[in-house]
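An overview of the molecular structure
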Amino acid sequence: DAGVTQSPTHLIKTRGQHVTLRCSPISGHKSVSWYQQVLGQGPQFIFQYYEKEERGRGNFPDRFSARQFPNYSSELNVNALLLGDSALYLCASSHGTSTAQETQYFGPGTRLLVL
Amino acid sequence: AQSVTQLDSQVPVFEEAPVELRCNYSSSVSVYLFWYVQYPNQGLQLLLKYLSGSTLVKGINGFEAEFNKSQTSFHLRKPSVHISDTAEYFCAVIRSGGYNKLIFGAGTRLAVHP
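Residues numbered from 1 in each chain as written. Chains lettered and ligands numbered in written order. Predicted model: local features only at pLDDT ≥ 70, side-chain atom pairs only at ≥ 80, totals over all residues. Heavy atoms only, no water.

1. What to know about the overall build of chain A
Secondary structure assignment for chain A yields zero helices and 11 strands. Scanning chain A from its N terminus toward the C terminus, one meets helices and strands in the order β-β-β-β-β-β-β-β-β-β-β. By the compact-globule yardstick of 13 Å for 115 residues, chain A fits well, its C-alpha radius of gyration being 13 Å. Based on the C-alpha atoms only, the size of chain A along its principal axes is roughly 40 × 25 × 25 Å. Out of the 115 residues in chain A, the part that is buried amounts to 53%. Within chain A, residue pairs in contact and separated by at least 24 positions form 53% of the contacts whose partners lie at least 6 positions apart. (Helix = DSSP H or I, 4+ residues; strand = E, 2+ residues; numbered from the N terminus. Rg over C-alpha atoms; globule rule 2.2 N^0.38 Å. Buried < 20%, exposed > 50% of the residue type's maximum accessible area, 1.4 Å probe, protein only. Contact = heavy atoms within 4.5 Å.)

Here it is as structure tokens:
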């Protein structure tokens with residue numbers, strides 16, 4: 001079975017630009033979460049979506065937004081990019097039926113570099 | 001609010017030696033605990049998790065961890081490491097009954113030398 005997939009794998013943008021990152025969850029998983037991992041740090045929670053509804057949001061500015069589609073895939077959008085947005089963006093999926101105790105399966109990430 | 005402290009940023013160890021990676025957490029509510037491993041240029045893979053029950057949890061690749069509620073710790077151990085265990089290890093907590101907000105520590109870099 002395919003795991004969580006993310007695209008693109010790498011991305012270079014300049015300050016002020018907009019970026020869209022994509023995630024396809026494991027088949028049958030209805031919950032998708034996004035995390036930002038800055039170099040040398042642990043991942044930080046950005047959003048969780050379940051059944052196309054936002055279930056949780058981390059401490060990130062409104063420049064960050066996301067959505068989930070009927071096929072449970074998800075997009076993370078970041079507007080007005082700053083140098084500090086350079087990071088590995090991780091997507092994780094889970095079944096979504098038992099929430100917190102479920103295992104979240106992570107994709108390989110999208111590495112974003114903002115110049 | 002919850003927080004996680006991984007007490008060692010780097011742990012060098014020789015092959016076939018035992019290792020312990022330390023993790024302490026802080027929370028005013030009940031939490032579940034996780035250890036994830038991240039190999040270079042890859043995402044995170046679950047090693048093990050503690051939800052309830054026996055405080056000694058066994059995971060993949062020969063790793064185990066012990067939940068200590070009084071010390072608010074969840075240390076990860078392996079009796080004999082291999083070169084292939086070289087990776088970044090993350091301890092994480094999530095509020096039980098909450099949504100999927102994993103809170104991670106800063107990570108411990110395990111470097112296994114021949």
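2. Observations concerning the side chain of Asn 100 of chain B
Locating Asn 100 of chain B in the fold gives a position in the loop between strand E10 (87–95) and strand E11 (103–104). The exposure class of Asn 100 of chain B is buried, given its relative accessible area of 1%. Beyond its immediate stretch of four places on either side in the chain, Asn 100 of chain B contacts Ser 31, Ser 33, Tyr 35, Phe 45, Gln 48, Ser 94, Thr 99, Ala 100 and Gln 104 of chain A together with Ile 94 of chain B.

3. Examining the packing of aromatic side chains
Considering all chains together, one arrives at 13 aromatic pairs over all chains under this definition. Judged by centre distance (5.8 Å) and plane angle (85 degrees), the ring pair of Tyr 35 of chain A and Phe 104 of chain B falls under edge-to-face. Here Tyr 35 of chain A is found in strand E4 (residues 31–37), whereas its partner Phe 104 of chain B is found in strand E11 on a different chain. An identical accessibility class is assigned to Tyr 35 of chain A and Phe 104 of chain B; each is buried. Arranged with centres 4.4 Å apart and planes meeting at 25 degrees, the rings of Tyr 50 of chain B and Phe 67 of chain B form a pair that is stacked. (Phe/Tyr/Trp six-rings, centres within 6.5 Å; stacked < 30°, edge-to-face > 60°.)

4. Topic: the interface of chain B and chain A
The accessible area lost on association of the parts is a frequent measure of interface size. Between chain B and chain A, the residue contacts involve 23 residues of the former and 25 residues of the latter. Taking both partners together, chain B and chain A bury about 1,800 Å²; carbon and sulfur atoms supply 54% of that area. Of all residues in chain B, Leu 44, Tyr 99 and Asn 100 of chain B give up the largest surface area on contact with chain A, accounting jointly for 35% of the area buried on that side. For the pair chain B and chain A, the number of links is zero salt bridges. (Buried area = accessible area lost by both parts, 1.4 Å probe. Salt bridge = Lys/Arg side-chain N within 4 Å of Asp/Glu carboxyl O.)

5. Points about the pattern of salt bridges
Here the structure, examined in full by the defined rule, presents 11 salt bridges over all chains. The partner of Lys 30 of chain A in a salt bridge is Glu 51 of chain A, and the shortest N-O contact between them spans 3.5 Å. Note that Lys 30 of chain A is positioned in the loop between strand E3 (19–24) and E4 and Glu 51 of chain A in the loop between strand E5 (44–50) and strand E6 (53–57), a separation of 21 residues in sequence. Of the charged contacts in the structure, one is a salt bridge between Asp 85 of chain B and Lys 78 of chain B, with a shortest N-O distance of 2.8 Å. Both residues of the pair, Asp 85 of chain B and Lys 78 of chain B, count as buried. Connected through salt bridges with shared partners, the residues Arg 22, Arg 67 and Glu 75 of chain A form a single ionic network.

6. Describing unusual backbone geometry
Going from Ser 7 of chain A to Pro 8 of chain A, the amide bond is cis rather than trans, its omega being -10 degrees. Locating Pro 8 of chain A in the fold gives a position in the loop between strand E1 (5–7) and strand E2 (10–13). Non-glycine residue Thr 72 of chain B carries a positive phi angle of around 45 degrees. Tracing the backbone through its elements, the reader meets Thr 72 of chain B in the loop between strand E8 (64–68) and strand E9 (73–78).

7. A closer look at a nonpolar patch on the surface
Together, Ile 12, Leu 113 and Leu 115 of chain A make up a nonpolar patch on the protein surface, roughly 300 Å² of accessible area in all. For Leu 113 of chain A, the location among the structural elements is in strand E11 (residues 110–114). (Patch = residues over 30% accessible without salt bridge, like charges linked within 9 Å, V, L, I, M, F, W, Y side chains within 5 Å. Areas by Shrake-Rupley, 256 points an atom, 1.4 Å probe, with all protein chains shown as cover.)

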